[in-house]
Amino acid sequence: MLIYQCEKCQQQYAKVVSVCAKCLCQKLIETEVSDEGELVTWTTIRRAPAGFSVNAPYDVVVVDLTCGLRVTGRLSQDSIPPSVYASVQRITTEEGSPIFSVIT
Ligand SMILES: [Zn+2]
């Protein structure tokens, strides 16, 4: 999974930023990290906003990647049901949002 890391203080970001919020450095480096992580929590969206209603219901998940960065994404419709501390893996990215699946 591609993340952005500050060259000066090593702060990590899931999305591209122009300035590091921690040290104001403007040099952020694209870094490839493991797609695997641990599920922290999730919520099921049953009444989706416009543009997402075709996918409802779907689960929005919070994942701690193995690199330590906490990210938000969605759970694949094909995934086995989520549970806290479940191991997950990013299987793709849709519209800039990582799509995870629970792995056993
Ligand atoms: Zn920084």
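In this convention, every chain numbers its residues from 1, walking through the sequence in written order. Owing to the predicted nature of the model, reporting of local features is limited to residues with pLDDT of at least 70; listing and counting of side-chain atom pairs is limited to 80 or more, with chain, interface and lining totals taken over all residues. Think of the side-chain values as coming from all heavy atoms in the structure, minus any hydrogens and water.

Chemist: Help me out: how do you make sense of the packing of aromatic side chains in this one?
Modeler: Note on aromatic contacts: the rings of Phe and Tyr and the six-membered ring of Trp form a pair at centre separations within 6.5 Å, being stacked when their planes are under 30 degrees apart, edge-to-face when over 60 apart, and tilted otherwise. Within this structure, the stated rule accounts for zero aromatic pairs. Throughout this description, the term charge over a ring refers to an Arg CZ or Lys NZ atom that lies within 6 Å of the ring centre and within 35 degrees of the ring normal. Lying over the aromatic face of Tyr58, Arg74 brings its terminal NZ or CZ to 5.9 Å of the ring centre.

Chemist: Explain the domain arrangement of the chain here, please?
Modeler: By convention, interface size is frequently given as the accessible area that disappears when the constituent parts associate. What fixes the domain bounds is an automatic or database domain assignment. What the domain assignment lists for the chain is domain 1 (2-31) and domain 2 (34-102). Each of domain 1 and domain 2 has a C-alpha centre, and these two points are 23 Å apart. The contact criterion used is simple: two residues touch if any of their non-hydrogen atoms lie within 4.5 Å. With five residues of domain 1 in contact, the opposing surface of domain 2 contributes five residues. The term salt bridge refers to a pairing of a side-chain nitrogen on Lys or Arg with a carboxyl oxygen on Asp or Glu at a separation within 4 Å. In this assembly, domain 1 and domain 2 are joined by zero salt bridges. Here the term charged refers only to Asp, Glu, Lys and Arg, the term nonpolar to Ala, Val, Leu, Ile, Met, Phe, Trp, Tyr, Cys and Pro, and the term polar to all other amino acids, Gly among them. Within the side of domain 1 that touches domain 2, the residues separate by chemical class into three nonpolar, one polar and one charged.

Chemist: Just checking my understanding: could you explain the nonpolar core for this structure?
Modeler: Generally speaking, nonpolar side chains in soluble globular proteins are found buried as a group. Buried residues of nine kinds, namely Ala, Val, Leu, Ile, Met, Phe, Trp, Tyr and Cys, make up a nonpolar core once their side-chain atoms join them within 4.5 Å. Three labels apply to residues, based on accessible area from a 1.4 Å probe with only protein chains included: buried if under 20% of the type maximum, exposed if over 50%, partly exposed otherwise in between. Core analysis: the largest hydrophobic core is formed by 14 residues, its most contacted members being Leu39, Val61, Val63, Leu65, Val71, Val88 and Phe100. The way it works is that DSSP assigns letters per residue, a run of H or I at least four long becomes a helix, a run of E at least two long becomes a strand, and they are numbered from the N terminus. Of all the elements in the fold, those that place two or more residues in this core are β5 (58-65), β6 (70-75) and β8 (97-102). No other element matches the three residues that β5 contributes to this core. Residues within four places of Val63 in sequence aside, it is in contact with Gly37, Glu38, Leu39, Val40, Leu69, Arg70, Val71, Val88 and Phe100.

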